[in-house]
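# Summary of the model geometry
Each chain, written out:
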Amino acid sequence: MLSKTDFRHAMSRLGAAVNIITTDGPAGRAGFTASAVCSVTDEPPTLLVCLNRSASVYQTFKGNGVLCVNVLGTGHQDISNLFGGKTPMDERFAAGDWSTGPSGSPSLEDASVSFDCRLSQITEVGTHDIMVCEVVSIRVSEEARSLIYFNRQYHELSMG
């Protein structure tokens, strides 16, 4: 039988964009770092985000029903680590410059791109929920740059 450790080791070889997922609304403000984000369809524009149901932010995201996928760029390693750890929410959000997207979710001003979304469907799989998110607004940075997580390390990509 395949072990959890073997699977995690193999997945470390799958390079992925680093994102900060944020929400704000009646259930409160929260955010976490995620690499489990991907496009689903362009009609309607839809993304999926995976979130562990045992995460401290889980009920906040489910309760608000909105979120923003902030795709990180070069120089964002520190804020990624803050949102990926046990840092209090106020300290996480103090580390960046934020605006409010149409959904009410925080949008990182210097993100490579931000996708403001509303949750349209949630599917439980194992320990996680797959949150299907309809994109209502997009804000794209002037610079094409990306922070990738591969082999348990950050890597920066940018176009001249």
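The notes below deal with the structure included here.

Procedures and definitions
- Residues numbered from 1 in each chain as written.
- Predicted model: local features only at pLDDT ≥ 70, side-chain atom pairs only at ≥ 80, totals over all residues.
- Heavy atoms only, no water.
- Phe/Tyr/Trp six-rings, centres within 6.5 Å; stacked < 30°, edge-to-face > 60°.
- Lys NZ or Arg CZ within 6 Å of the ring centre and 35° of its normal.
- Buried < 20%, exposed > 50% of the residue type's maximum accessible area, 1.4 Å probe, protein only.
- Helix = DSSP H or I, 4+ residues; strand = E, 2+ residues; numbered from the N terminus.
- Arc of directions from axis to C-beta.
- Contact = heavy atoms within 4.5 Å.
- Patch = residues over 30% accessible without salt bridge, like charges linked within 9 Å, V, L, I, M, F, W, Y side chains within 5 Å.
- Areas by Shrake-Rupley, 256 points an atom, 1.4 Å probe, with all protein chains shown as cover.
- Salt bridge = Lys/Arg side-chain N within 4 Å of Asp/Glu carboxyl O.
- Polar contact = N/O pair within 3.5 Å; in protein donor to acceptor, adjacent residues only side chain to side chain.

Attention shifts here to the packing of aromatic side chains. Following the criterion strictly, the structure yields five aromatic pairs and no others. Three or more aromatic residues joined by ring pairs make a cluster, and in this case those are Phe83, Phe93 and Trp98. Cation over ring: Arg29 sits above Phe93, and NZ or CZ is 4.2 Å from the ring centre.

We now examine helix α3 (residues 77-84). Note on helix geometry: an α-helix contains 3.6 residues per turn, so any two residues three or four positions apart are oriented the same way. Taken as a whole, α3 has its buried residues at Ile79, Ser80 and Phe83. Along the axis of α3, the buried positions cluster into a sector of 105 degrees, meaning they face one direction only. Against the buried residues of α3 lie β2 (19-23), β3 (30-34), α4 (89-94), β7 (98-100), β8 (106-108) and β12 (153-158).

Right, let's talk about a nonpolar patch on the surface for a bit. A contiguous nonpolar surface patch, about 430 Å² in accessible area, is contributed by Leu2, Phe7, Met11 and Leu14. You can see Met11 is positioned in helix α1 (residues 4-11).

Turning next to the side chain of Asn70. Tracing the backbone shows Asn70 in strand β6 (residues 66-71). Overall, the relative accessible area of 0% leaves Asn70 in the buried class. Within the structure, Asn70 has its side chain in polar contact with the side chain of Thr22 (distance 3.4 Å). Setting aside residues no more than four positions away along its own chain, Asn70 makes contact with Val18, Asn19, Ile20, Thr22, Trp98, Pro106, Ser107, Leu108, Ala111, Val113 and Ser114.

A few words on the environment of Phe150. Along the chain, the position of Phe150 falls in strand β11 (residues 145-150). For Phe150, a relative accessible area of 33% gives the class partly exposed. Taking the C-alpha atoms as reference points, Phe150 and Leu14, 136 residues apart in sequence, are found 6.3 Å from one another. Setting aside residues up to four positions removed in sequence, Phe150 forms contacts with Ser12, Arg13, Leu14, Gly15 and His155.

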